[in-house]
Amino acid sequence: MSLDNRPHYSGGCQCGAVRFHVDGKLGGASVCHCRMCQKAFGNFYAPLVSVHRDSRLVWTRGEPKKFRSSNFGLRGFCGDCGTPLTYEAPDGVALAIAAFDEPEEIAPTMQWGLEGKLPYVDNIHELTGYSTEEDPDAADFVNDIVSFQHPDHDTETWPPEERK
């Protein structure tokens, strides 16, 4: 919580070049299945949460590059790593849920664009699943991974000096 007892959220892109804060409430959280959102996120759907009209969105490091995806919409993304960050429309700005530092706190409550919904999305939870550590063929690979991803919290500088 911020000093004035309003909610405070932070997040950013995968590489850390773009970071944001939202001071105040978030609006509705949803997933959109339309083909435009699928393409923008390179995924089955776009999980988004709107910034409440009484809240303040501030870019604290860098700013998203923009792509006009329609006559009404702008898509914001990191120009360095490509992480999808925003959907901007006449009614406001929505942020990518997974770009938040604590995305587990933002659960979608609605779906949009059902006409574009891929036929297998509802059954993904039925697929056989494994944790990363359960795959013996990938153990050496997983143990050797060194992540260059920005951590899920604000940092004074990024990247660290040893990586520059």
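Here the structure is shown first, and the text comes after it.
Residues numbered from 1 in each chain as written. Predicted model: local features only at pLDDT ≥ 70, side-chain atom pairs only at ≥ 80, totals over all residues. Heavy atoms only, no water.

## Focus: the sheet that holds strand E1 (residues 8–12)
Logical step 1: Taken together, the three strands give an open sheet; going across it, the order is E1-E2-E5, and neighbouring strands pair in antiparallel fashion. The sheet is open, and its two borders are formed by E1 and strand E5 (56–61), each paired with just one other strand. Averaged over all pairs of adjacent strands, the angle between their axes in this sheet comes to 20 degrees, without regard to strand direction.
Logical step 2: Sheet analysis places E1 next to strand E2 (residues 19–23), joined by five bridges and oriented antiparallel. (Pairing = 2+ DSSP bridges. Helix = DSSP H or I, 4+ residues; strand = E, 2+ residues; numbered from the N terminus. Axes fitted to C-alpha atoms, helices over the stretch in contact; angles between N-to-C directions.)

## Re the nonpolar core
Logical step 1: Residues Val49, Phe100 and Ile106 are the most contacted members of the largest nonpolar core, which totals 23 residues.
Logical step 2: Taken together, the elements giving at least two residues each to this core come down to E2, strand E3 (26–32), helix H1 (35–41), strand E4 (46–51) and strand E9 (92–96).
Logical step 3: Here this core takes four residues from E4, the largest share from any one element.
Logical step 4: When residues no more than four places from it in sequence are discounted, the contact partners of Ile106 are Leu26, Ala29, Val49, Ile97 and Phe100. (Core = buried A, V, L, I, M, F, W, Y, C linked by side-chain atoms within 4.5 Å. Buried < 20%, exposed > 50% of the residue type's maximum accessible area, 1.4 Å probe, protein only. Contact = heavy atoms within 4.5 Å.)

## Structural notes on the environment of Gly76
Logical step 1: Topologically, Gly76 is positioned in strand E7 (residues 74–77).
Logical step 2: Between the alpha carbons of Gly76 and Ala40 there is a distance of 9.4 Å; along the sequence they are 36 residues apart.
Logical step 3: Apart from residues lying up to four places away in sequence, Gly76 is in contact with Pro64, Lys65, Lys66, Thr83, Pro84, Leu85 and Thr86.

## Considering the sheet that holds E9
Logical step 1: Taken together, seven strands build an open sheet; the order of strands is E6-E7-E8-E9-E4-E3-E10 and the sheet is mixed. Taken across any chain shown, the strands that pair with only one partner, and hence form the sheet edges, are strand E6 (65–68) and strand E10 (110–112). Ignoring strand direction, the axes of neighbouring strands in this sheet form an average angle of 30 degrees.
Logical step 2: Here four bridges tie E7 to strand E8 (residues 84–89), and the two strands are oriented antiparallel to one another. Among the inter-strand pairings, Leu74 is bridged to a residue of E8, identified as Glu88.

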